Amino acid sequence: MPGVIHLRTEIPGPGSRALTARRAGAVPRGVPAVTPIAVVHAEGAVLTDADGNRFIDFAGGIGVVNTGHRHAGVVGAVREQLDRYAHLCFPVSTYEPYVELAERLNRLTPGDHEKRTFLVNSGAEAVENAVKVARFFTGRQAVVCFEHGFHGRTNLAMALTSKVMPYKKGFGPFAPEVYRIPYPYCYRCEKAERPAPSSSKARTGARPDRCCMAEIEYFERLFAATVDPESVAAIVMELELGEGGFVPAPVEYVRALADFARKHGILFVADEIQTGFGRTGAMFACEHYGLIPDIITTAKSLAGGLPLAAVTGRADVMEAAHPGGLGGTYGGNPLACVAALAVLDAMDRERIPERARRAGERIAARFRSWAECYPCIGDVRGLGAMVGMELVSDPVSRTPDKALTARLIAGALQRGLILLSSGTYGNVVRVLAPLTIEDEVLDEGLAAMEEALKEAVAGTSGSSGRTPS
Ligand SMILES: Cc1ncc(COP(=O)(O)O)c(C=O)c1O
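Attention in this report is confined to the structure presented alongside it. (Residues numbered from 1 in each chain as written. Predicted model: local features only at pLDDT ≥ 70, side-chain atom pairs only at ≥ 80, totals over all residues. Heavy atoms only, no water.)

### A word on the site of the ligand
The condition that has to hold: Proximity criterion: a residue is near a molecule or strand once any of its heavy atoms comes within 4 Å of it. Any pair of nitrogen or oxygen atoms within 3.5 Å is treated as a polar contact; in protein, a donor-acceptor pairing is required on top of that, and neighbouring residues in sequence qualify only through side-chain atoms on both sides. Surface accessibility follows the Shrake-Rupley procedure with a 1.4 Å probe radius. Residue values consider only the protein chains on display as shielding. Note on residue categories: nonpolar means Ala, Val, Leu, Ile, Met, Phe, Trp, Tyr, Cys or Pro, charged means Asp, Glu, Lys or Arg, and polar means any other residue, Gly included.
As a structural note, the neighbourhood of the ligand is formed by S122, G123, A124, F150, H151, G152, E238, E243, D271, I273, Q274 and K300. Taking D271, its side chain carries an N or O atom lying 2.7 Å from a nitrogen atom of the ligand. For the ligand, the protein covers 84% of the area, taking 390 Å² as the surface of the free molecule. Partitioning the shell around the ligand into residue classes produces three nonpolar, five polar and four charged.

Next comes the structure, spelled out in structure tokens:
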């Protein structure tokens, strides 16, 4: 049966090259071009470029199209809304799609308590606003965040973000009163008990047992030595790191942290911008932890491709700030709101979280089978379909292999698969395919990835693996 991938020209073809050349003359290089292709059409999990080449999309607009490109419900809702009004400015006049979306997010997010939601334009803006709200409510200034965390590119979000290159280098000074603790990154925990080099645990990167307890010591130390917990407004956390390399936090760690926060009147802000809306096999990653955050930030897949983000939280916390202190010109644009309502309908009707669980099992099983053959796959991990594999040049020292990762991704593109890396060391391959992807298309993408892995490994001296049967 013919597959979805169809390559008619070299990659990038002449059409893509022409547009990227124009781009170079018009757009600063600081806005990265992760792939060299120019796309003219997107549908489901398939992209068509300017030369008629068809690619399978494992990037999904960086986790924005969980419901697939051009979901029919989203397209229809936006078209209809365009015939009514495109923009009013919510602070000027109230419109129903905004109110309805706020009501639905209040119901959908974890916890039965009374909540409020307001809408902004991007993930970074949502995080900035979550901190604003937390500071106002608590009357405290400090914010605790994590190594390997990513929260956006605005000034405070950048301060909360942990990766220096490319996100922070040269862009300071950063917002003050930001305190960072190690993320419970089991595979790289300094205090982890390392499995013996010869053991199968060393080869597959199996989790050390006592890692997260060691990390808990770090936050206790921070509050004893560096910052008074009574001056901390909020802890901002991704329950599974996104840009930081698809690392899920251990349940016991999150519970201990949440208990500590509650004891000291610190608000728990869950950044679900990448983990949200089905990606982890639950509507929100919090659900895997039994965590009811005080505030939750969402964006990305919320509106199926339209720019929209939300801050949802306890009513008492959210109501604290004075009128005019929150909001903005475009926040909760009507087109984006109706798109989000269509996404939420699809999440339910098409059982997207359940599909994510199934897709995640398929992806992780495939990655694990590769890990049996290739020692360069140090770890396979993730919740639901938020699966990544960490590549290392040596499974015992766990030295990150960024070059191998780049070769794999470049090779995948040549085979018609759009793939992204992540991780502070650029050595994690992550899958953010639309959750609506058909099994055959997912398998075709994974087959392309396996070929690219084989070729990338073959190009590494001394780190070859055996060919999977
Ligand atoms: C967890 C997380 N928070 C915040 C952001 C920032 O979102 P935006 O790029 O929409 O500002 C991102 C973007 O990747 C993210 O993954």
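### Some thoughts on the packing of aromatic side chains
Formally: Note on aromatic pairs: the rings of Phe, Tyr and Trp (six-membered ring only in Trp) are paired at centre separations within 6.5 Å, and the planes decide the class, stacked below 30 degrees, edge-to-face beyond 60, tilted for the rest. Numbered from the N terminus, helices here are DSSP runs of H or I no shorter than four residues, and strands are runs of E no shorter than two. Per-residue accessibility, obtained with a 1.4 Å probe over protein chains only, is compared with the maximum for each type, and a residue is labelled buried under 20%, exposed over 50%, and partly exposed between these values.
For the structure on display, the rule yields 12 aromatic pairs. Ring geometry for F223 and F260: centres 4.7 Å apart, planes at 25 degrees, overall stacked. Remark: F260 occurs in helix α9 (residues 251-263) and F223 occurs in helix α8 (residues 211-225); sequence separation between them is 37 residues. Here F223 falls in the buried class, since its relative accessible area comes to 8%. Judged by relative accessible area, which is 14%, F260 ranks as buried. Plain terms: the ring middles of F277 and F284 are 5.3 Å apart, the flat faces sit at 70 degrees to each other, and that makes the pair edge-to-face. With respect to burial, F277 and F284 carry one shared label: buried. Site record: aromatic cluster; members linked through ring pairs are F146, Y183, F219, F223, Y253 and F260.

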